[in-house]
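The primary structure of each chain is shown beneath.
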Amino acid sequence: MKKIFLFIGIFILLFLINACDDTPSEVGISVIPVTDEINYKTLETDSIPYTTEIIQKTVIKSGQEYLLVGKSGNEEAITLLKFTGFPDTLASATVISADLVLHPTNYSLGQESTFGFTVHKITSTWSVTSPGNAMVNGPLYDNASVGSFTGFFTDTSAIYIPINPSLVKDWLYYASDATKYNLNQGIVLTPSANSNCVWAFYSSDNTIYSDNSKDPYLRVIKELNGKRDTIYVYASEDTYYGYSRSFSLDQKNIVMQSGISYRTKIKFDLSKIPKHVHISSASLTLTLDPDDSKIGKNSIDSLAAVAYIYNSDGVLLQSFNIIGTPIIDNGNKVYNFNITLFVQGWLDKWINNGMEIFHLGELYSLDRYSFYSKNAIDPNKKPKIKITYLNLPY
Amino acid sequence: MKKIFFIIIFAASLYSQESGSPYSRFGLGFFNYSISTRSTGNAGTSIAIFDENELNNLNPATWSKIKNTVFSSGLFYESSTSEDNRGKKKFQNMNFSNTVLGVPLQKDKEFVLALGLFSKSKVGYNIYQNVVVNDLPAKSVYFGNGGISEFMLGLTYSPMHKLNVGFKTGYNFGEVQHSGKLQFNNSEYIDNEYLNSIYVKGFTFTGGIIYSGLGELLGIHYGNVGFLFSPKSNLRAKKERYSTFSSSSATISDTVIEGEKELTLPLNYGLGFDFGLNEKYHLAFDYLFTGWEDYKYNEVNENFKNSQRLSFCIETIPEKDFLAPLSQRTRYSLGFYYERMNLEINGTRINEYGVTLGIGVPLSRNAFINSAIVYGRRGKNENELILDNFIKVHLSITLNELWFVNTEDQ
């Protein structure tokens, strides 16, 4: 009896451990009803209305890699630096000379030969997180310059900008008196009147040179009690502030202005896509208008699109970024954005607030990216949208 | 050792590989007519065959002759090949079949209470198709599994000599899944995956009757005629669809839940005869009709046609004396069935037929092992249809015990 049970048990176990081939095959596909088929449909630009809107994004400027100085058309950038690390024992020292030492990057925008800036003493308080429009419109700095620079750069070697020693002498004095410490608000570098160029310099927060070898600093030669020596004071705070003298939010094109963080918000009307479909592919293609764009030398040439996900109370929950990289198509520079995730999210879960397109060098440059809009005369240059969705069987 | 056997059956029920014939795509899948291993060995012929050791599913009146409390449980293994003009595909399955308990409450009126759990329908297919989407190659995969089970409770009664009636109600429950995915080999396109689940629940009812006085009329050892009827049953079914969008940075799930809708299982009725030629041999025939044209889920019939099934078997026990050799005490059966199925595809009706072999081995006075082998064919390899060839091996164990029986009965 036991043998019979044993035999049956082994028989069953053999079946159990016999690995079944559970991979799909084409056999039998003809009997699957057509209602099971996953149908797809592709909608193109004409079926997906959209709106565009230029918005200015508030971005935190602390911790920037670069400091921008210069002008490009109506757009300008000023750099603010503060040096507070002086010893408090030098109040009576004589400042023989002082130089602001900066290291240019290889990014520039505009006519390099016109590049120049002047240095001014800042007379108001500021912080790196909000350099403030007042710096421009005030101006809350002395009109009298304490230094200047004219010229351009062929490498990243240090440049030395002589600074009025009396300003540095004041800073040495403030450093020795806690009640006057706050009077040292540093200096601002503003573009020269005839400059039509923007240059980027390494900031104290740059991560490319982690040994601080490219950080801005002040070189001071001082004399105290008949002894002359040199001290080096690195910037305790530095940032830049970008602004436009005249920027219209009503542009014929889709525009992104870096440095000032103007972005274009695009919102798609997805009402022609049924609910509960699966988005297999969705893309947005933009064609660059080179005549309306200003793109610097050695600039980042990628764009990004970001979708912000809010809950019903308007609280930001999450954001997703996608990158658009350029390709040359029929002699045009075009950017393709794979917005599949965004479209699926807007259809299923997310509040459709659209997406913001911006230059990935938004914080590192004063580049202007301008793309043909739906108003373009040449239909091939208009934005192209293509969405392929699947109707899932139910 | 018996415990080990039941553990293996339990393991097999969990294992439950369910790929199989694409024909199971329709409705709630293939319905199982022959729940007991013995009736499977008889080609499903069971409407008029009393069984002392196993409970068949078709006609509850057949339980009347149970003398001791009967417990049986079984499983089956299936190896099948589907072929069409695209090629051949082999499948293997191991599945739980049933667990039933029959308790004789009063012998003179042949009151028997029965309850059990069995697998009533099965869906299992796994198919792909190469497609082109926006000029890109893609692969569509269709996968189905699941099925419904039934927990049944029934009674038999003998209102008069040679007449037995039986009634059972079954609570049907289960989930049928039809899922699919579209796979691209292109990073610009996101694969999708969806799962449509249908959750079914509800009661079915079956009544049966057997008159066992035909033997005297025909001058044979014995003769039974049985009839069963199961009316249309309205079950409740709820459909849900889950789809998943997975990109490299986020996964978005979408669920669509449809409220409960009516699912109508069709009526079926059957007529069967069992003729005892002598002490050793008996012949049986069954005819079973199921009105699949009345099947509906959410008002959709899926183009089902009424099905009809004819089966025949001959069964023998060479020697009933327990002292005889095991091979003499073993029950042997041979059967044949033909079924005009409920499917009509591409204008062609799908038929199934098969031969069966059954062996019932009495291990002791209160333990039996029943086995059955079915070889069958379904459909045809023409007109964009498929031909299924399959072999099923059923195994079950039955234990008899005396419960609830008065001392004087013993």
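About the cut-offs
Residues numbered from 1 in each chain as written. Chains lettered and ligands numbered in written order. Predicted model: local features only at pLDDT ≥ 70, side-chain atom pairs only at ≥ 80, totals over all residues. Helix = DSSP H or I, 4+ residues; strand = E, 2+ residues; numbered from the N terminus. Rg over C-alpha atoms; globule rule 2.2 N^0.38 Å. Buried ≥ 20, exposed ≤ 12 C-beta atoms within 10 Å, placed from the backbone. Contact = placed C-beta atoms within 7 Å. Pairing = 2+ DSSP bridges. Axes fitted to C-alpha atoms, helices over the stretch in contact; angles between N-to-C directions. Domains from an automatic or database assignment. Nonpolar A, V, L, I, M, F, W, Y, C, P; charged D, E, K, R; others polar. Core = buried A, V, L, I, M, F, W, Y, C linked by C-beta atoms within 7 Å. Arc of directions from axis to C-beta. pLDDT = per-residue confidence, 0-100.

Chemist: Looking at this structure, how should I read the overall build of chain B?
Modeler: Scanning chain B from N- to C-terminus turns up four helices and 20 strands. Against the 2.2 N^0.38 benchmark of 22 Å for 410 residues, chain B shows a C-alpha radius of gyration of 23 Å, consistent with a compact globule. Projected onto its principal axes, the C-alpha positions of chain B cover 80 × 45 × 40 Å. Looking at chain B residue by residue over its 410 residues, the buried ones come to 47%. The contacts of chain B with a sequence gap of at least 6 include a subset with a gap of at least 24, amounting to 63%.

Chemist: In this structure, what is going on with the overall build of chain A? I would like to understand it.
Modeler: Across its full length, chain A carries four helices and 23 strands. Taken over C-alpha atoms, the radius of gyration comes to 30 Å for chain A, far larger than the 21 Å a tight globule of 394 residues would show. Along the three orthogonal principal directions, the C-alpha set of chain A runs to about 110 × 75 × 45 Å. In chain A, which comprises 394 residues, the share counted as buried stands at 42%. For chain A, the proportion of contacts with a sequence separation of at least 24, taken over those separated by at least 6, is 80%.

Chemist: Teacher, can you tell me more about the environment of Lys-275 of chain A here?
Modeler: With respect to the secondary-structure elements, Lys-275 of chain A resides in the loop between β16 (262-268) and β17 (278-287). Looking at Lys-275 of chain A, the number of C-beta atoms within 10 Å reads 9, which means it is exposed.

Chemist: What exactly am I supposed to notice about the sheet that holds strand β9 (residues 159-163) of chain A here?
Modeler: Two strands in a sheet stick together by hydrogen bonds in their backbones, pointing the same way (parallel) or opposite ways (antiparallel). Residue and element names in this part refer to chain A. On the basis of which strands lie adjacent, the open sheet formed by four strands has the order β9-β5-β12-β13 and antiparallel pairing. Strands with a single pairing partner mark the edges of an open sheet, and in this sheet they are β9 and β13 (227-234). On average, adjacent strands in this sheet sit at an angle of 25° to one another, irrespective of strand direction. Two strands pair when backbone bridges link them, and strand β5 (residues 94-102) and β9 are joined in this way by five bridges, in the antiparallel orientation. What sits directly across from Leu-102, in β9, is Ile-159. Where helix α3 (residues 165-175) meets the sheet, its contacts fall on β5, β9 and β12 (217-224), and the angle it forms with β5 comes to roughly 100°.

Chemist: What is the right way to look at the pairing of strand β20 (residues 332-338) of chain A in this model?
Modeler: Remark: a regular strand shows side chains that alternate across the two faces of the sheet. All names here are of chain A. Note that β17 and β20 share five bridges and pair antiparallel. Bridge assignment links Thr-287 to a residue of β20, and that residue is Val-334. Pairing geometry for strand β19 (residues 316-329) and β20, over five bridges, is antiparallel. Among the inter-strand pairings, Ile-327 is bridged to a residue of β20, identified as Val-334. Here β19 folds back onto β20 in antiparallel fashion, the turn holding two residues, of which Asn-330 has a positive phi close to 55°.

Chemist: Explain unusual backbone geometry to me, please; I cannot follow it from the model alone.
Modeler: Negative phi is the rule for most residues except glycine; trans is the rule for most peptide bonds. All names here are of chain B. Unlike most non-glycine residues, Asp-135 shows phi in positive territory, near 65°. On the secondary structure map, Asp-135 appears in the loop between β5 (121-133) and β6 (136-160). For Glu-299, which is not glycine, the phi torsion reads 70° and is therefore positive. Within the secondary structure, Glu-299 sits in the loop between β15 (296-297) and β16 (307-316). Judged by local crowding, Glu-299 falls into the exposed class, with 8 C-beta atoms found within 10 Å.

Chemist: When you look at the domain arrangement of chain A in this model, what are you seeing that I'm missing?
Modeler: In many analyses, interface size is given as the accessible surface area lost on bringing the parts together. Residue and element names in this part refer to chain A. When the domains of chain A are assigned, the result is domain 1 (40-58 + 261-391) and domain 2 (66-244). Taken together, the contact pairs nine residues of domain 1 with 12 residues of domain 2. Looking at the side of domain 1 that touches domain 2 residue by residue, the classes come out as two nonpolar, four polar and three charged.

Chemist: How do you make sense of the nonpolar core when you look at a structure like this?
Modeler: For soluble globular proteins, nonpolar side chains are generally found buried alongside one another. Within the largest apolar cluster, 50 residues are counted, with the highest numbers of intra-cluster contacts made by Ile-279, Ile-339, Val-343 and Ile-387 of chain A. Sort the elements by how many residues they give to this core and helix α4 (residues 340-348) of chain A lands first, with five residues. Discounting residues that sit within four places of it in the chain, Ile-279 of chain A has contacts with Thr-340, Val-343, Gln-344, Leu-347, Ile-387 and Tyr-389 of chain A together with Ile-190 and Phe-245 of chain B.

Chemist: Just to check I follow, could you spell out α3 of chain A for this structure?
Modeler: Given 3.6 residues to a turn, an α-helix orients residues that are three or four positions apart in the same direction. Residues and elements named next belong to chain A. Looking at α3, one finds that the buried residues are Val-168, Trp-171, Leu-172, Tyr-174 and Ala-175. The arc that holds the buried residues of α3, viewed along the axis, is 165°, so those residues lie on one side. Residues of α3 that are buried in the fold lie against β5, β9 and β12.

Chemist: Would you mind showing me how to read the pairing of strand β23 (residues 384-391) of chain A here?
Modeler: Residues and elements named next belong to chain A. Relative to β23, strand β1 (residues 39-44) runs antiparallel, the two being bridged by six bridges. Within β23, the position partnered with Leu-43 by the bridge is Ile-387. Strand direction decides the pairing type here: β17 and β23, joined by seven bridges, are antiparallel. Counted as the bridge partner of Leu-284 is Ile-385 from β23.

Chemist: It is not clear to me how α4 of chain A should be interpreted in this structure. Could you clarify?
Modeler: In terms of burial, α4 of chain A is largely enclosed, as eight of its nine residues are buried. Looking at α4 of chain A, one finds that the buried residues are Thr-340, Leu-341, Phe-342, Val-343, Gln-344, Gly-345, Trp-346 and Leu-347 of chain A.

Chemist: Mind showing me how you'd approach the environment of Ile-220 of chain B here?
Modeler: All names here are of chain B. Here Ile-220 lies in the loop between α3 (214-218) and β9 (222-230). Residue Ile-220 is classed as partly exposed on the basis of its 15 C-beta neighbours within 10 Å. Along the backbone, Ile-220 and Leu-277 are 57 residues apart, and their C-alpha atoms lie at a distance of 5.9 Å. In contact with Ile-220, not counting residues within four places along its chain, are Gly-215, Phe-275, Gly-276 and Leu-277.

Chemist: When you look at the confidence of the model for chain B in this model, what are you seeing that I'm missing?
Modeler: Where the model shows low pLDDT, its predicted coordinates should not be examined in detail. Residues and elements named next belong to chain B. Per-chain confidence: chain B averages 90 in pLDDT, with 93% of residues scoring 70 or above. Below a pLDDT of 50 lies the segment residues 11-17, which in the model reaches 18 contacts outside its immediate sequence neighbourhood of four places, other chains included. Confidence estimates for the predicted assembly give a pTM of 0.81 and an ipTM of 0.83.

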